[in-house]
Amino acid sequence: MKKTLTYIAIATLFLVPVFPLIVANPLFFPFITGKAFYFRFLVEIAFAAWIIVAFLDAKYRPRLNGLTIAVSLFALITLVADLLGVNPLRSIWSNFERMEGWLVIFHLWMFFMASVHIFGSGEEGKKWWYRFFNTSIGVAVIVAIYGILQYFGAAAIHQGSTRIDASLGNAAYMAVYMLFHVFLSAYLFFARANTVKSIDFPQWVYAILSVIFSFLLFQTATRGTILGLIGGILLALGVYALFARKGERKHRLGAVTAIGVIVLIGAVFYMNRDASFIKNSEVLNRMATISLQENKTQARGYIWPMAIDGWQERPILGWGQENFNYIFNSNYNPAMWSHEQWFDRAHSVFLDWLTASGLLGFLSYLSLYIFFIVLVWRSTLSMSEKSVMMGLIAGYAIHNVFVFDNLASYTFFFAILGFAASLKEGKVWSVMGTKPVRTDVVEYIVAPIVLVMLVAGMYMVNVRPLQANTRLLYALGMCSGGQADVALFEKALSVDSYLANQEIREQLMACAPSVVSGQYPSPTKQAFYELAQREISKQIELTPLDTRAHALGGFFLNGIGNFADAEKYLTEALRLSPGKQSLMVQLAVAYANVDKADQALALMKEAYDSAPTNTQVRTAYASMFVVAGKEAEGKKVFADEPGIFETESMAQIYASLKQYPKAIVIYQKMVAADPTNVQRRGILAQTQYLAGMPYQAIETLRAIIKDYPEYKAGVEAAILQIQNGK
């Protein structure tokens, strides 16, 4: 039994590094959810197997050292912070887009504990970790081949740019994955160098792979990670140059020379940052534009101060994981109108932990780095091995200044923590001691309890969310295919998984307007409307301080013309996120349609004053002047932009206000500018008819037949209707 379970634990742990290859197309968020569920299943099995083995053999029981204590405290403090945060359920479960929350921290802790104690410590542990790293490097080679195919245009890039992402689905995720494997390959190069007299074939392979992985990291154009790679290499070289043995003078001199070469290349690059060959390369150009001034125009320049402000509100244990959106919304900066409107991360791992778990959680997170450095430095590893590991942890830390964590970085961070924890023998945990537990007790009591907990945990944590996920994707597929079925959304919601519910409700809000306003039977429209209303209420009741829940409800109701109810939701959304122009525009639309034109105009003035360059706000503000009957005043405000009153959206507003002549003038100008737009010519004819100009409408339609005879049948039918007064 012990042997079988040990093999099961080892096998599942060695399957963990395969997760970057998982792309679960049958799931919603296929690049995220598939990897996460795969990782969870494997870790749960490995952990359960280890628990039983630990009862059977004291060799596998928990050992205390700085890292095992630090990792456990980190998981515990994070749990307390999440439970005391503003949305504990979300902090625990996360959502499909992220698949993180405390559940991922708990699984990382299980992965750490199982791997550290199954692989063992000392030389035996190193051998198992080397095998694990080699397995991961083998998988990284497959990911690298995918990335190379993307680089040469033989495979599509999922983000639709030139920044490769392979099977990770995100350039930043690909970058940090490559970062780890650059250093792991370099580490195994030096580890093997200590066992052979001269460079052999495996070392050449490690060296070549390290170069390839570095090249691919650069092709992701992820600046923070590229800085991490360069910084990590410089630190590794510096550590070796300072602390290597005196007998290795030639190698130390080589390290100093390499530092000089890298600094020189950096200086030459900086001096030529405006050169055409740099400007024409996305990777080099992104690196050349790094500056404090440039950062102010990036989202980080706005959200990092928000994160600090948010932490000061809850300094000890923070807001709980997955709750940065509360900080972002309540502290929204109107200057961010051109950026993402629903940030859920601070885009800095360190700030994310500071806000999520407060000072206690932040310090516990930093302790992981500290104990890693201490254990590696005090180990029997050679100075070259220590230097590479120092470079890896430094490179990862630099990367984390600019990017948020994900499964690709979390897993390998905890893997190297496990490796460091295995470098030295730890004391057996006194609670369990070293006495053997009777086999029959393990077989008839311990094993059944663990098995029941494993199955129950898998079902609740993985199976139910998977059911909801697949049902949601099917419901969305039917909706996009014009066969929306409310029963499919109800079936997805019936799973009642917190991980899935908010996402299902949000996607229901996206589908319902096309149903309610589309060519569906009245009972179907009514069913979707009632379900959407019911689920909006449930979500708001569950998360009353979440701006997004109120906003999506308001957007949905605006979209189907229920402006009175939309006003209520949008008013609360704007109260929770003052200054967010996208909410102001939607609320102004609701105001304008419930005879509150003056309030709509005042609201848009506030939005315009906060960000005059916001195109959407400028257009909406001009529109509200027309709606409020103050067009002349509006033309004074926009005297430098008279064309703002001659757009298609403005023509629609004129038509809705029955100011048909003004709408007709705009449509005629647009048709003259683009006579190939048949749809717009049809709208012109319709507007002319509504304006009491049937003869002009018919002439417009006949012109369409002349230019586009293929539309003759349909257009002649429309002419006949006009002639019959219909």
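Right above here is the structure, for reference.
Residues numbered from 1 in each chain as written. Predicted model: local features only at pLDDT ≥ 70, side-chain atom pairs only at ≥ 80, totals over all residues. Heavy atoms only, no water.

J.: Where do I start with the environment of His-399 in this structure?
T.: Note on placement: His-399 falls in helix α17 (residues 383-402). Spatially, the C-alpha atoms of His-399 and Leu-603 are 41 Å apart, while their sequence positions differ by 204 residues. Apart from the residues within four sequence positions on either side, His-399 is in contact with Ala-172, Val-176, Leu-179, Gly-224, Thr-225 and Gly-228. (Helix = DSSP H or I, 4+ residues; strand = E, 2+ residues; numbered from the N terminus. Contact = heavy atoms within 4.5 Å.)

J.: Quick question: what am I supposed to make of the state of the cysteines here?
T.: Every disulfide links exactly two cysteines, by a covalent bond between their sulfur atoms. Inspection of the entire model under this criterion finds 1 disulfide. The side chain of Cys-479 participates in a disulfide bridge whose partner is Cys-511; the two sulfur atoms lie 2.1 Å from each other. Torsion about the S-S bond of the Cys-479 and Cys-511 cystine: about 110 degrees, corresponding to right-handed handedness. Pair noted here: Cys-479 is in helix α19 (residues 439-480) and Cys-511 is in helix α21 (residues 498-516), with a separation of 32 residues, a long-range link. (Disulfide = S-S within 2.5 Å.)

J.: What exactly am I supposed to notice about a nonpolar patch on the surface here?
T.: Nonpolar side chains collect at one region of the surface, where Leu-64, Ile-69, Leu-73, Leu-76, Val-80, Leu-83 and Leu-84 lie side by side and expose about 610 Å² of accessible area between them. For the nonpolar patch, the element with the most residues is helix α3 (residues 66-83), which contributes 5 residues. Along the chain, the position of Leu-84 falls in the loop between α3 and α4 (88-93). Using a relative accessible area of 54% as the deciding quantity, one classes Leu-84 as exposed. (Patch = residues over 30% accessible without salt bridge, like charges linked within 9 Å, V, L, I, M, F, W, Y side chains within 5 Å. Areas by Shrake-Rupley, 256 points an atom, 1.4 Å probe, with all protein chains shown as cover. Salt bridge = Lys/Arg side-chain N within 4 Å of Asp/Glu carboxyl O. Buried < 20%, exposed > 50% of the residue type's maximum accessible area, 1.4 Å probe, protein only.)

J.: Quick question: what am I supposed to make of the layout of surface pockets here?
T.: Vacant regions in the atomic arrangement are exposed by a probe of water-molecule size rolled over the atoms. If you add up the space inside the largest pocket, you get close to 1600 Å³. Lining the largest pocket are 47 residues, and of these Ile-230, Ile-233, Leu-234, Leu-237 and Ile-262 lie nearest its centre. Mapped by element, the contributors of at least two residues to the lining of the largest pocket are α7 (171-193), α8 (201-219), α9 (223-243), α10 (249-271), α12 (282-288) and α17. The element that contributes the greatest number of residues to the lining of the largest pocket is α10, accounting for 10 residues. Looking at the lining of the largest pocket, its residues break down into 33 nonpolar, 11 polar and 3 charged. Taken together, 47 residues make up the lining of the second largest pocket; nearest its centre are Arg-98, Asn-170, Phe-343, His-347 and Phe-404. Elements with a contribution of two residues or more to the lining of the second largest pocket: α2 (30-56), α7, α9, α13 (292-296), α14 (300-313), α15 (324-330) and α21. Residues belonging to the lining of the second largest pocket are distributed by class as follows: 18 nonpolar, 14 polar and 15 charged. (1 Å grid on protein atoms, 1.4 Å probe; cavity = no way out; pocket = protein on both sides within 12 Å on 5 of 7 lines; lining within 4 Å. Points joined across faces, edges and corners; volume = space filled by probe spheres on them. Nonpolar A, V, L, I, M, F, W, Y, C, P; charged D, E, K, R; others polar.)

J.: Quick question: what am I supposed to make of the packing of aromatic side chains here?
T.: Taken as a whole, this structure holds 52 aromatic pairs when the rule is applied. Relative to Tyr-396, the ring of Tyr-369 lies with its centre 6.3 Å away and its plane at 15 degrees, an arrangement referred to as stacked. With Tyr-369 in helix α16 (residues 349-377) and Tyr-396 in helix α17, the pair connects residues that are 27 residues apart, well separated along the chain. Summarising the aromatic geometry, the rings of Tyr-608 and Tyr-621 are spaced 5.1 Å apart at their centres and angled 35 degrees between planes, so their arrangement reads as tilted. Of the two residues, Tyr-608 sits in helix α26 (residues 597-610) while Tyr-621 sits in helix α27 (residues 615-627), which places them 13 residues apart along the sequence. You can call Tyr-621 buried: its relative accessible area is 5%. Looking at Arg-131, its charged tip hangs above the ring of Trp-128, at a distance of 4.5 Å from the centre. In this structure, Lys-635 is placed above the aromatic ring of Phe-645, and the distance from its NZ or CZ to the ring centre is 5.8 Å. (Phe/Tyr/Trp six-rings, centres within 6.5 Å; stacked < 30°, edge-to-face > 60°. Lys NZ or Arg CZ within 6 Å of the ring centre and 35° of its normal.)

Geometry only, nothing functional implied.
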